[in-house]
Amino acid sequence: MNSPTDIAEWIIAAGLAGESEPTMLDGFCRRAVASGLPIARAGVIIDTLHPIHEGRAFRWNRESSGEAELIEYGPTNEGDAAANWRATPFYRLLETGEAMLRRRIVPGEAPEFPQLGLFADEGMTDYLALINRFAQEGALGDMDCVYSYWFTDQPKGFTDDDIDHLVHLMPSLAWR
């Protein structure tokens, strides 16, 4: 069983060893699950300095046997992409300046954020969104944070201790 310290030490060592982001997210999540955190799905998103891709997203699924999935996405400041972005929990966090947003997922209830409704059908019961902001001198324009999301399918959702552990561990994953 991995302790939170073991998980943080592993992720830092993996980053220093040059492991890929999908490998690191997969290793992080699998170790967290082995330690008792009931993570069913997770994702990490970061903007990039790339001429075509605005950012990169990494999605992890407990049922997957391989690395986390890498998705590169284009601009989110116009058209449907902008409207979709403004309807996300992350946009809400940026607007409010908060670092965490949690929402229970209840089958049959219309969720506050439309995309969360898709996960009710998959048995997810709780959602946590986190933003780890960079220090002002570490930001490059709009690249000023790492976004992460966490789902569980536990009937009672995440416990307060689960959330505390994720909040505590996420900076070790965000530094990469």
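The coordinates are above.
Residues numbered from 1 in each chain as written. Predicted model: local features only at pLDDT ≥ 70, side-chain atom pairs only at ≥ 80, totals over all residues. Heavy atoms only, no water.

### As for the environment of Ser172
Thought 1: Among the secondary structure elements, Ser172 is positioned in helix H6 (residues 160–174).
Thought 2: Relative accessible area serves as the criterion here: at 10%, Ser172 is assigned to the buried category.
Thought 3: Separated by 165 residues in sequence, Ser172 and Ile7 place their C-alpha atoms 8.7 Å apart.
Thought 4: If we skip the residues at most four places from it in the chain, Ser172 touches Ala8, Ile11 and Phe28. (Helix = DSSP H or I, 4+ residues; strand = E, 2+ residues; numbered from the N terminus. Buried < 20%, exposed > 50% of the residue type's maximum accessible area, 1.4 Å probe, protein only. Contact = heavy atoms within 4.5 Å.)

### Here we look at the environment of Pro22
Thought 1: Among the secondary structure elements, Pro22 is positioned in helix H2 (residues 21–34).
Thought 2: Separated by 37 residues in sequence, Pro22 and Arg59 have C-alpha atoms that sit 8.0 Å apart.
Thought 3: Those residues within four positions of Pro22 in sequence are excluded, and the remaining contacts are Phe58, Glu67, Ala68 and Leu70.

### Notes on helix H4 (residues 89–96)
Thought 1: Among the residues of H4, Pro89, Phe90 and Leu93 are the ones counted as buried. An end-on view of H4 places all buried positions within 100° of arc, on one side of the element.
Thought 2: Taken from the residues just after H4, Gly97 is the one with a positive phi, measuring 80°. (Arc of directions from axis to C-beta.)

### Brief notes about the pattern of salt bridges
Thought 1: Taken as a whole and judged by the stated rule, the model has ten salt bridges.
Thought 2: Close ionic contact of Glu122 with Arg41 constitutes a salt bridge, the shortest N to O distance being 2.4 Å. Residue Glu122 is found in the loop between helix H5 (114–120) and strand S5 (126–133), and its partner Arg41 is found in strand S1 (residues 41–47); the two are separated by 81 residues along the sequence.
Thought 3: The closest approach of N and O atoms between Arg62 and Glu63, which form a salt bridge, is 3.3 Å.
Thought 4: By relative accessible area, which is 26% here, Arg62 ends up partly exposed.
Thought 5: Connected through salt bridges with shared partners, the residues Arg102, Arg104, Asp126 and Asp160 form a single ionic network. (Salt bridge = Lys/Arg side-chain N within 4 Å of Asp/Glu carboxyl O.)

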